[in-house]
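Chain residues, written in single-letter form:
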Amino acid sequence: MRRRRIALWTAAIVAYAFLYLPLVIVVVYSFNDSRLNAEWVGFTLDWYRKLLENDEMIAAAGNSLLIALVASLVSTALGTMAGVAMHRYRLRLLPVLVLAPIAIPEILMGVALLIFFVLLNFTLGLVSVALAHIAFCIGFVAIVVRARLAGMDESLIEAARDCGATPWQAFVRVTLPLIMPGVAAGALMAFTLSIDDFVISFFTAGAGTVTLPLQIYSMIKIAVTPEVNAVSTLLMLLTLVLIVVAARISPSLLRTR
Amino acid sequence: MDAHRPVSWRKWAVGGPPLAYLVVFFAIPTLIMAAASFRSPGEFGGLAPLVGEDGSLDITLESYVRLVEGTVYLEVFVKSIAYALVTTLACLALAYPLAVLIAQSPRKYRDLMLLLVILPFWSNFLIRIYAWMIILGPNAALAKAINGVRAVFGAEPVSLLFSSFAVLVCLVYVHLPFMVLPLYANLEKHDRALLDAAQDLGANAWRRFWRITFPLSLPGVYAGAALVFIPALGIFAIPDILGGPNDTLIGNLIKQQFLETRDWPFGSVLSIVLTVAALALAGLAAWIGRRGSAEVARA
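A few points on the structure. (Residues numbered from 1 in each chain as written. Chains lettered and ligands numbered in written order. Predicted model: local features only at pLDDT ≥ 70, side-chain atom pairs only at ≥ 80, totals over all residues.)

**Examining the overall build of chain A**
- On a plain count of helices and strands, chain A comes out with eleven helices and zero strands.
- Counting only C-alpha atoms, chain A reaches 70 × 65 × 30 Å along its principal axes.
- Within chain A, the fraction of its 257 residues that count as buried is 48%. (Helix = DSSP H or I, 4+ residues; strand = E, 2+ residues; numbered from the N terminus. Buried ≥ 20, exposed ≤ 12 C-beta atoms within 10 Å, placed from the backbone.)

Next up, the structure:
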């Protein structure tokens, strides 16, 4: 029994180390006073300073934030509607269309949207990326919202209706406040998914538009520099904060994906 | 049926907008891509005109024929499936003990342990690939150690980066959380009384695992396998960044067709075959899983 627990713990520690060591190395090297990502030389904040002077990077970060903001707002509204509709009504096509973008390989959605935008003569850029991000974020928000609705006491709505509330009033005054944690968590999740997305942005951004992950991609394709460590560390920090806040608001979130 | 009417009106008011959005920005693009697979490539990329100069309609199976004709593309498909399978098995081997440990831990620690599994997954996909560029890089400790040992035996130094090894390690790394979560969700529900009963009847730990825990966990195994296999099959960024010249997978081929060769019909064919293959194999796994668990339930 004791031997088995030791074996289990060893295996688990190996798995956790495997998961975290790479990320820790990126963070540590972002403070390393050396051009080579090879050994620790000394502490510096130079790479972060360089980052602030890098206009391309700042522009890319601005694009990413703008897209993530728009995509998360729109997909939260649409995803909440989809979640409510899936919980309450029977719309045969809706669950399929909500879940399919999550279930299929990402690259398929990227290239399908590329063909779609180009055939429509729609200029690839910030707008096409945001439209694409909304499409894949809707599903994630809908799942969180529907999970929240499934755990809700339906009799509360019946009580509101019995007391004379219209369906709209019952929704705004009873349902919405109750599912709000799910909605907020879904919004944070959509923001994170959008700001982190690489594959779909890669196909829908066109040549002139760069988001943060696209900028990181072109940097690591050319050469590995500690500047990438610095921007990666900042991006990880942002994602970490968003996800921890989202998980606090709605603990069930951690099991939806 | 007057009462039915307002419900139907409301149903479309709530469900209609997201449905319309997904029809326009998901269903229609996918259908257009399916249609594009039956067309000819245009002279300057994209598609050839639907109605040619001689008035003939441009509908052809040429791109499908091209896929099965040359063995090159089939080889890439086989290689991609092999990479995805190895990834799935390696994830299973790493995830299983971890999931067992989490499921056996006191309830108050479980959420934290799960959170620790999921957090890396929420960090940026590219950063997680990039991290392996550092670890496997020629100047890093790992490569130096390995090549140091190789030098003792008089072997040529090897490059860890830009190799199949790098691609596979990163594939496992990126997909590991997808395997842990469904496994844990399944293992958590197991009834301890079964194991106790088996122990009372004299089964040792090894037998208890293979006769009880593992068969009961099969639905979780298959769910995890599907969650790892599907994205792993379509990946292009990992071989693109960490792979060598021989690590071209379907994803890279698709990217090439759309962004470099600009042969949309062939790229569409590849994307469709990829999706069908991924869903079919995942569906097969789910079906076997259901049958397997039904048999266990009967036994």
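**Some points on the overall build of chain B**
- Within chain B one finds twelve helices and zero strands.
- Each helix (α) and strand (β) of chain B, taken in turn from the N terminus, gives the series α-α-α-α-α-α-α-α-α-α-α-α.
- Compactness check: chain B gives a C-alpha radius of gyration of 25 Å against a globular reference of 19 Å for 299 residues, more than 25% above the reference.
- Taking all 299 residues of chain B together, the buried fraction comes to 41%. (Rg over C-alpha atoms; globule rule 2.2 N^0.38 Å.)

**A look at the interface of chain B and chain A**
- Counting from both sides, the interface comprises 67 residues of chain B and, opposite them, 70 residues of chain A.
- In terms of residue count, the dominant contributor to the side of chain B that touches chain A is helix 1 (residues 4–36) of chain B (19 residues).
- Here the side of chain B that touches chain A is composed, by residue class, of 52 nonpolar, twelve polar and three charged. (Contact = placed C-beta atoms within 7 Å. Nonpolar A, V, L, I, M, F, W, Y, C, P; charged D, E, K, R; others polar.)

**Focus: the environment of B:Ala35**
Residue and element names in this part refer to chain B.
- Among the secondary structure elements, Ala 35 is positioned in helix 1.
- Overall, Ala 35 belongs to the partly exposed group, with 15 C-beta atoms counted inside 10 Å.
- A sequence separation of 230 residues divides Ala 35 from Pro 265, and the C-alpha atoms of the two residues are 8.6 Å apart.

**Observations regarding unusual backbone geometry**
- Of note, A:Asn121 is a non-glycine position whose phi angle comes to about 60°, a positive value.
- Even without being a glycine, B:Arg262 presents a positive backbone phi close to 60°.
- Turning to its location among the elements, B:Arg262 is positioned in the loop between helix 11 (250–260) and helix 12 (264–298).

**Some points on the nonpolar core**
- Ranked by internal contacts, the top residues of the largest apolar core, which has 164 residues, are A:Ile138, B:Trp132 and B:Cys170.
- A:Ile138 has contacts with A:Ser75, A:Leu78, A:Gly79, A:Ala82, A:Val98, B:Pro18, B:Tyr21 and B:Leu22, leaving out every residue within four places of it along the chain. (Core = buried A, V, L, I, M, F, W, Y, C linked by C-beta atoms within 7 Å.)

**What to know about the packing of helix 4 (residues 93–103) of chain A against helix 6 (residues 126–150) of chain A**
All names here are of chain A.
- Contact geometry for helix 4 and helix 6: axes closest at 8 Å, N-to-C directions at 110°. It follows that helix 4 is roughly perpendicular to helix 6 by the angle criterion. Handedness of the helix 4/helix 6 crossing: left-handed. Here Val 98, Leu 99, Pro 101 and Ile 102 of helix 4 lie close against helix 6, whose contacting residues are Ala 135, Phe 136, Ile 138, Gly 139, Phe 140 and Ala 142.
- Grouping the amino acids of the contact of helix 4 with helix 6 by side-chain chemistry returns nine nonpolar, one polar and no charged. (Axes fitted to C-alpha atoms, helices over the stretch in contact; angles between N-to-C directions. Parallel < 35°, antiparallel > 145°, perpendicular 65-115°, else oblique. Left-handed = near helix turned anticlockwise from the far one by under 90°.)

**Some words on helix 4 of chain A**
- When helix 4 of chain A is considered as a whole, its buried residues turn out to be A:Leu94, A:Leu97, A:Val98 and A:Pro101. Along the long axis of helix 4 of chain A, the arc covered by the buried residues comes to 95°, so they all point the same way. (Arc of directions from axis to C-beta.)

**Description of the packing of helix 1 (residues 2–29) of chain A against helix 5 (residues 125–135) of chain B**
- The N-to-C vectors of helix 1 of chain A and helix 5 of chain B enclose an angle of 75°; their axes lie 9 Å apart at closest approach. Judged on the interaxial angle alone, helix 5 of chain B and helix 1 of chain A are roughly perpendicular. Together, A:Pro22, A:Leu23, A:Ile25, A:Val26 and A:Tyr29 of helix 1 of chain A and B:Ile127, B:Arg128, B:Tyr130, B:Ala131, B:Trp132, B:Ile134 and B:Ile135 of helix 5 of chain B make up the contact between the two elements.
- Partitioned by chemical class, the residues of the contact of helix 1 of chain A with helix 5 of chain B number eleven nonpolar, no polar and one charged.

**Considering helix 9 (residues 205–233) of chain B**
- Over its 29 residues, helix 9 of chain B extends only 36 Å from the first C-alpha to the last, a length that falls short of the 42 Å expected when each residue adds 1.5 Å.
- At B:Leu218, helix 9 of chain B shows its strongest bend, of approximately 50°, with the proline B:Pro219 following within four residues. (Expected span 1.5 Å × (residues − 1). Bend = angle between axes of the 7 residues up to and from the residue.)

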